[in-house]
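# Commentary on secondary and tertiary structure
Here is how the chains run, residue by residue.
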Amino acid sequence: MIPGSFDYHSPATVDDAVALLDRLGGEGKVLAGGHSLVPAMRFRLASPAALIDINGIAGLSYIRVQNDQLVIGAVTREAEVERSQLVHQKFGALADASRVIADPLVRNRGTVGGNLAHADPANDHPAVMLAYGAEVVAKGPGGTRVIPIDEFFVGLFESALAANELLVEVRVPLPGAGQASAYQKLERKVGDYAISAVAANITMAGDVCSAVRIALTNVSPVPMRARQAEGALVGRRIDESTLEAAGRAAAAECDPSPDLRGSIEYKRDITRVLLGRAVRRAIARATGGAA
Amino acid sequence: MSRHRITVMVNGAAQTREIDARRLLVHFLREDLALTGTHIGCDTTSCGACTVLLNGTAVKSCTLFAVQADGANVETIEGVAQDGALHPLQEGFWEKHGLQCGFCTPGMIMSAKHLLARNPDPTEDEIRFGISGNLCRCTGYNKIVEAIQYAAAKMKEGAQEGVA
Amino acid sequence: MTHVADRTQMMHEVPPSTSAQVPTTDDVRVTTPGRICGMGHRMKRKEDPRFIQGHGNYVDDVNLPGMLYLDIVRSPYAHAKLLKIDTSEALKIPGVLAVITGQDLKAAGNLHWMPTLMSDTQMVLPIDKVVYYAQEVCAVVAVDRYTAADAIEAVQVDYEPLPVVMDPYEALKDKVIVRDDKEQKTNHIWHWEAGDSAATDRIFAAAANVVREKIYLPRIHVASIETCGMVAHMDKVTGKMKIWMTSQAPHAHRTVFALVSGLPEQNIQIISPDIGGGFGGKVPVYPGYVCCAVASIVTGKPVKWVEDRSENLQADSFARDYHIDAELATDANGRITGLRVKTVADQGAADAAANPSKFPAGLYSICTGSYDMKAAHVAVDGVYTNKPPGGVAYRCSFRVTEAVHMIERMADIAAHELGIDPAEFRLRNFIRPDQFPYKSPTGWTYDSGNYEAALRKAMDMIGYADLRKEQAEKRARGELMGIGISSFTEVVGAGPSRDFDILGIKMFDSAEIRIHPTGKAIARFGTKSQGQGHETTYAQIVAEELGIPASDVAVEEGDTDTAPYGLGTYASRSTPTAGAAGAMAARKIKAKARRIAAYLLEVGDDELEWNVDRWQVKGSPDQHKTIQDIAFAAYTNHPPGMEAGLEAVDYYDPPNLTFPFGSYICVVDIDSGTGEVKVRRFVAVDDCGNIINPLVVEGQIHGGLTMGLAPALYEQIVYDENGQNLTGTFADYLLPTAMESPKWELGKTITPSPHHPLGAKGVGESPTVGAPPAIANAVVDALWHLGVRHIDIPITPEKVWKVLRAGGVMD
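For every chain, the first residue of its written sequence is number 1, and the numbers climb from 1 along that sequence. Following the order in which they are written, the chains are lettered starting with A and the ligands numbered starting with 1. Where local features are concerned, this predicted model is filtered to residues with pLDDT of at least 70; where side-chain atom pairs are given and counted, the filter is 80 or more; whole-chain, interface and lining totals use all residues. Note: side-chain values were computed over all heavy atoms of the structure, leaving out hydrogens and water.

### Things to note about empty space enclosed by the protein
Residues and elements named next belong to chain C. Spelled out, the test is: Lining residues are those with an atom within 4 Å of a point, where the points come from a 1 Å grid over the protein atoms alone and group into cavities, where a 1.4 Å probe fits but cannot get out, or pockets, open sets with protein on both sides within 12 Å along at least five of seven lines. Grid points are joined across faces, edges and corners, and a volume is the space filled by probe spheres set on the points. Numbered from the N terminus, helices here are DSSP runs of H or I no shorter than four residues, and strands are runs of E no shorter than two. Each residue is assigned to one of three groups, with Ala, Val, Leu, Ile, Met, Phe, Trp, Tyr, Cys and Pro labelled nonpolar, Asp, Glu, Lys and Arg labelled charged, and all others, Gly among them, labelled polar.
For the coordinates displayed, the defined rule picks out 14 cavities of 30 Å³ or more. Forming the boundary of the largest cavity are 40 residues, of which Gln-532, Ser-572, Gln-700, Val-763 and Gly-764 lie nearest the centre. Broken down by secondary-structure element, the contributors of at least two residues to the lining of the largest cavity are α14 (534–546), α15 (574–601) and α17 (694–713). When residues of the lining of the largest cavity are assigned to their parent elements, the largest contribution, three residues, is made by α17. Residues belonging to the lining of the largest cavity are distributed by class as follows: 17 nonpolar, 19 polar and four charged. Along the walls of the second largest cavity sit 13 residues, with Thr-116, Gln-122, Pro-284, Val-285 and Ala-352 positioned nearest its centre. Among the residues forming the lining of the second largest cavity, the class breakdown is nine nonpolar, four polar and no charged.

Here it is, written out as structure tokens:
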């Protein structure tokens, strides 16, 4: 399995990378972790004329708190997220996801930015970032813009990034009091994409849910918020029946495709089950319970 | 297609070659440098037989271009033994029968090397999780886990004795 | 369609063993000290140093000056007319030397078709049509693998798709004919039977209870981590063809190549170097090998072909694909009285299963298993479909996996239906130790066994009674937990020359041992390890017999120029055949050594007795000659009238197969929300007779168990309705990682084989045979109360989920 030919560029700065993207039009693809792109190239499903390797750009790999946000550089490796104490302490869904993205070797190269920019509904970060209400920072020839995550995923493998824009940072709001998150994924084996997965970000006031964002992985062509499920929870006292109602809502509003991972009915029902588990776990974390 | 002159530190020796942009790191190692210890077992980045250390981090060399390793340190299985002395991982795989056909073994050892560098005292669960990117068909993994536990114990012992 | 007669009669003439009943022990027999390291020692493997340092020598590591690369264009259709192959664009690419098509092979001497190991025929490259997805269509030869890959993309092939037949029952209707090259236009290849049909029917007519079930074992793939490949070098000057090949049976392959190509057999050398796993997948001859050899003949240069994983998964020899209709008859006391089985074998587009020739369904008739019963009848029909050929692989011991899965599932269904504890049901029905050697109703003579001991040991180890209590408590709370047992009898060591051959070549195996003047040895065998540790275990056999330290014995296999002729390693046959040959050759050497020792000590032969590594005078052990003394004398001071040297060859024709066995118990917990099955514990008690190296045996069992778990829960080759392979990469063909594979717990009993020179039986495939039904039985046991009797493997979470939701379990 050998890729076709291409020209390789290794810009030293973000501006250089952007200039290349601009010059090449749609002919150039960004090489970050490469663990979605290179396999596609090896099967010649993708044959970009040029690769723009951003791994050599200094200053794109970081996880820190800045302006009440967790900011993550685009080239931050999944393994670094997995190891981050900061993420582990306050961002349960992100910590959960970081353990189940592909396998440990892939996580040594795969990047947060790449996982989002690919706009693959099967990837794990889209749902997690949707649940967080994150922001994506993009740099283009005209400057920098901030894209709210709810506007970021436009179509299947299609993000709001222009062809000449580079994703440089992801920003996640710090959790407030009584707020916590969790990510539950069902996969056929370690390393696989999700049969379904649910990211839940919940704020509790006592046993009432005062705010919630829920998003789903691999059960729709575009990464989606489970808004009906959110509606079934927000403002209500959370008990078995609200959880059941929210689960059923998520099962109904998602749009899975049947494939080797499961039939439509199975994927819907797993979404229901995982929603209950994700929300319960997030609540436990929010109310100081289990990690 | 662009061609590139790259210099990679491989097992401590600088290797300079001219290669096509599309040359995969695994082929560069196996064919250009005749280091055939790193193996190819799949085409979907699934099996880990091609695992090497890139700047100390375990990566699947079939999913990297050689040009991406320009200026980097690469360690392959051939570089693990030092001055003819087996590394505790190699000893462990031998003592504990952690290999049968040997094809996944180089990748498994490189993965384990990185695992132990990060986590010198892993639990069994952490070992299994840590090598979950490496497939083996022969051993059923039990004895690979024991081999890594052996190495961890030996390396801790060595560290305590101040042995490098 | 060939009608193969009932084989029952032929297997009855087995020489009586020396004892009717062989005692069972727990202790590994060790008779040599550590420095000699004979049988029973946990010797570290001698082959490991090269592997752990990255100095293995696999086929893809072989590089010769001027070597070219072969890559293959494959069909995107499961059934299609081949209209045109346009190679012009490919040939324009610099570095592309040739494109070989079916027409080229035909012109080169009708090489476009080749015989299969079952005396069918298979296309090497097509001329008229293709008959399976990913079939080889043409081969490009280029200066390097990157150029070859570009050339593949540039070849243009025009097809006219034809209707596809993927279901063997559909195929039996003969509406879409797969093989119109055959005189008889039918998809029905052969019909085979074993057992007594009339007696079985009588049993069933009179039975108190009859349990019936349909069991499907889907296609799976061995997926050894190394794929298949070859380096072929036809040296035009010397006329010698030197081949490195991923081959489990290099001598047989050499003979087949000689017959097919017309090259003189002494001019063909096949080297099977280090092999990265075989499991049966490296026994068949694939079209790629033939194309590679032809490419070397045509170009006069060395040519390498190494398949990608996708090619391997999509076109190489599969395993299983048996559709089984089984019936088990019991009396009012839960005693099995008969078994009746009909099976449709989906063979794909050619009968290329690597079975012994008289056994188109392999050793499937072992399916009465560990149970004593009056009568049985098995009928199997082989069918062509538009799928790749093959069938015997994945550690199946020639279809024993299929047989055991069936009987162990049926035993469990019967037990559950009759309300008898599954362990008790088995104990009630086991063949008893005093019944050995046991003649089964389908014609096998089991050599030795003690099934009750193995099962009771497994039950002890796992705490069976407590687990049943726990299960009852959990069930009352709505928690799902299952316990599954598999008490299997294996049949390995093919095989006695009266019944077993591959393409006419008898299935003996061989050993050639030569002792050097300094007392070291070299031993060569006709088998070929792909990870089973022969370099160590065979040395231990020599150490056991002759007292030469195992570390002083070099073991070689795999080079047809030097190794004695053998049939290779698969179906757990090495220890039973070549291991026996090693012992027998060593005994010939020991006998000559005795005469040399008698000469040196100036006593009569009969005054000497053997003691570990020496011949000593009876009653006067100080007077002795060690094997090293004797070896030196063989070259420097041998008796007059005797040939110098100290060596022997043995071609061992086993008198019978051997019958390893075991009992496995599996505990599963089921996630009622997702349907996931978690194996909480798995105890495996194996009996492979006398053990050569317990460390190696443990490794074989662990690995085999994981290759039993895999088909039970994860692996399946899936085709769509057009015959396209949907699981053609590791992204969708799911191999277990260290996370899915549980911590196996092993136990053993030892019931030696009475006819094997070392009492050993072979073990490599037992766990893959025994494990899947243990796991399937556990899952069904967990869900029985919801009304399910059987679930086909792989038992995916979705299959369990369907049962749960139908049974009203929602989370």
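### Observations concerning the sheet that holds strand β3 (residues 50–53) of chain A
All names here are of chain A. The condition is simple: Paired strands, as defined in this entry, are two strands with at least two bridges between them according to DSSP. Here, axes are lines fitted to C-alpha atoms. For helices the fit covers the stretch in contact, and angles between N-to-C directions go from 0 to 180 degrees. In what follows, a contact means two residues having at least one pair of non-hydrogen atoms within 4.5 Å.
Spatially, the three strands line up as an open sheet ordered β1-β3-β2, and their pairing is parallel. In the strand order of this sheet, the two ends are held by β1 (7–9) and β2 (28–31), each with one partner. With strand direction ignored, the average angle separating the axes of adjacent strands in the sheet is 25°. The sheet contacts of helix α1 (residues 14–24) involve β1, β2 and β3, and relative to β3 the element is tilted by about 165°.

### Re the sheet that holds strand β2 (residues 13–20) of chain B
All names here are of chain B. The five strands are arranged β2-β1-β5-β3-β4 in an open sheet whose pairing can be described as mixed. In this open sheet, the two strands that pair with only one neighbour each are β2 and β4 (57–60). Pairs of neighbouring strands in the sheet enclose a mean axial angle of 40°, with direction left out of account. Where helix α1 (residues 25–32) meets the sheet, it contacts β1 (3–10), β2, β3 (51–54) and β5 (73–75), and its direction lies at approximately 115° from that of β2.

### Concerning the interface of chain A and chain B
Interface size is commonly expressed as the accessible surface area that is lost when the partners come together. How we decide: Two parts placed together each lose some accessible area; with a 1.4 Å probe, that loss summed over both constitutes the buried area. When a carboxyl oxygen of Asp or Glu is within 4 Å of a side-chain nitrogen of Lys or Arg, the pair counts as a salt bridge.
In this complex, chain A contributes 32 residues to the contact, which on the side of chain B involves 33 residues. Here chain A packs against chain B, burying approximately 2,500 Å² in sum over the two surfaces, 64% of which is carbon and sulfur. Three residues, A:Tyr8, A:Arg42 and A:Leu105, lead the burial of chain A against chain B; their summed loss comes to 25% of the area buried on that side. Scanning the region where chain A abuts chain B turns up one salt bridge.

### Considerations on the side chain of A:Ser196
Residues and elements named next belong to chain A. So the rule is basically this: Only protein chains enter the accessibility calculation, which uses a 1.4 Å probe. A residue is then buried if its area is under 20% of the maximum for its type, exposed if over 50%, and partly exposed in between. Any pair of N or O atoms that falls within 3.5 Å is considered a polar contact. Within protein, one atom must be able to donate a hydrogen and the other to accept it, and sequence-neighbouring residues count only if both atoms are side-chain atoms.
With respect to the element layout, Ser-196 can be found in strand β12 (residues 194–205). Take Ser-196: its relative accessible area is 0%, and that puts it in the buried class. At 2.9 Å, the side chain of Ser-196 forms a polar contact with the side chain of Thr-271. If we skip the residues at most four places from it in the chain, Ser-196 touches Gln-184, Lys-185, Leu-186, Thr-217, Val-219, Lys-267, Ile-270, Thr-271 and Leu-274.

### A few points about the pattern of salt bridges
For the structure shown, the criterion picks out 102 salt bridges over all chains. Notably, a salt bridge pairs A:Asp124 with A:Lys185, separated by 3.2 Å at the nearest N-O pair. In this pair, A:Asp124 sits in the loop between α7 (112–117) and α8 (125–132) while A:Lys185 sits in strand β11 (residues 179–187), placing the two residues 61 residues apart along the sequence. For A:Asp124, a relative accessible area of 3% corresponds to the buried category. The exposure class assigned to A:Lys185 is buried, which follows from its relative accessible area of 15%. Notably, a salt bridge pairs C:Glu698 with B:Lys143, separated by 2.7 Å at the nearest N-O pair. Placement of C:Glu698 in helix α17 and of B:Lys143 in helix α5 (residues 142–160) is noted, with the two residues assigned to different chains. What makes B:Lys143 buried here is its relative accessible area of 3%. One network of salt bridges, with partners in common, ties together B:Arg23, B:Arg30, B:Glu31, B:Asp32, C:Asp60, C:Asp61, C:Arg145 and C:Lys304.

### Some points on the interface of chain C and chain B
Facing 58 residues of chain C, the contacting portion of chain B comprises 49 residues. Contact between chain C and chain B buries roughly 4,400 Å² in total, counting both sides, with carbon and sulfur atoms accounting for 56%. Three residues stand out in chain C for area buried against chain B, namely C:Ile52, C:Tyr146 and C:Ile225, and they jointly supply 19% of the buried area on that side. Put simply, chain C and chain B have eight salt bridges between them. For the pair chain C and chain B, the number of links is 31 residue pairs in polar contact (both at pLDDT 80 or more). Breaking the side of chain C that touches chain B down by element, the ones donating at least two residues are α1 (48–52), α4 (145–154), α9 (309–315) and α17 of chain C. In terms of residues, the side of chain C that touches chain B owes the most to one element, α17(C), which gives 10 residues. Tallied by class, residues from the side of chain C that touches chain B come to 25 nonpolar, 18 polar and 15 charged.

### A short note on the pairing of strand β20 (residues 375–384) of chain C
Residue and element names in this part refer to chain C. Among the 10 residues that make up β20, 10 are buried, leaving the element largely enclosed by the rest of the structure. With seven bridges joining them, strand β10 (residues 188–195) and β20 adopt antiparallel strand pairing. In the strand pairing of β20, His-188 is matched with Val-383. Relative to β20, strand β19 (residues 336–348) runs parallel, the two being bridged by 10 bridges. Bridge assignment links Val-341 to a residue of β20, and that residue is Val-378.

### Things to note about the packing of aromatic side chains
Rule in force here: A pair of aromatic rings is counted whenever rings of Phe, Tyr or Trp (Trp by its six-membered ring) have centres within 6.5 Å, and the orientation is called stacked for planes under 30 degrees apart, edge-to-face for over 60 and tilted otherwise. Comment: the charge-over-ring label is applied if NZ (Lys) or CZ (Arg) is within 6 Å of the ring centre and within 35 degrees of the ring normal.
On inspection of all chains with the given rule, the structure shows 26 aromatic pairs over all chains. Taking the centre distance of 6.0 Å and the plane angle of 35° together, the rings of C:Phe51 and C:Tyr58 count as tilted. Using a relative accessible area of 6% as the deciding quantity, one classes C:Phe51 as buried. Aromatic pair C:Phe436 and C:Tyr451: ring centres 5.7 Å apart, planes at 75°, arrangement edge-to-face. Residue C:Phe436 is located in the loop between α11 (422–429) and β21 (438–439), and its partner C:Tyr451 is located in helix α12 (residues 451–462); the two are separated by 15 residues in the primary sequence. Across the pair, exposure class does not vary: C:Phe436 and C:Tyr451 are buried alike. Feature note: the residues C:Tyr371, C:Phe430, C:Phe436, C:Tyr451 and C:Phe661 constitute an aromatic cluster, connected by ring pairs. Stacked on the ring of B:Trp94, the Lys or Arg C:Lys44 has its end atom at 4.0 Å from the ring centre. Against the face of C:Tyr384 rests C:Arg179, its NZ or CZ located 5.3 Å from the ring centre.

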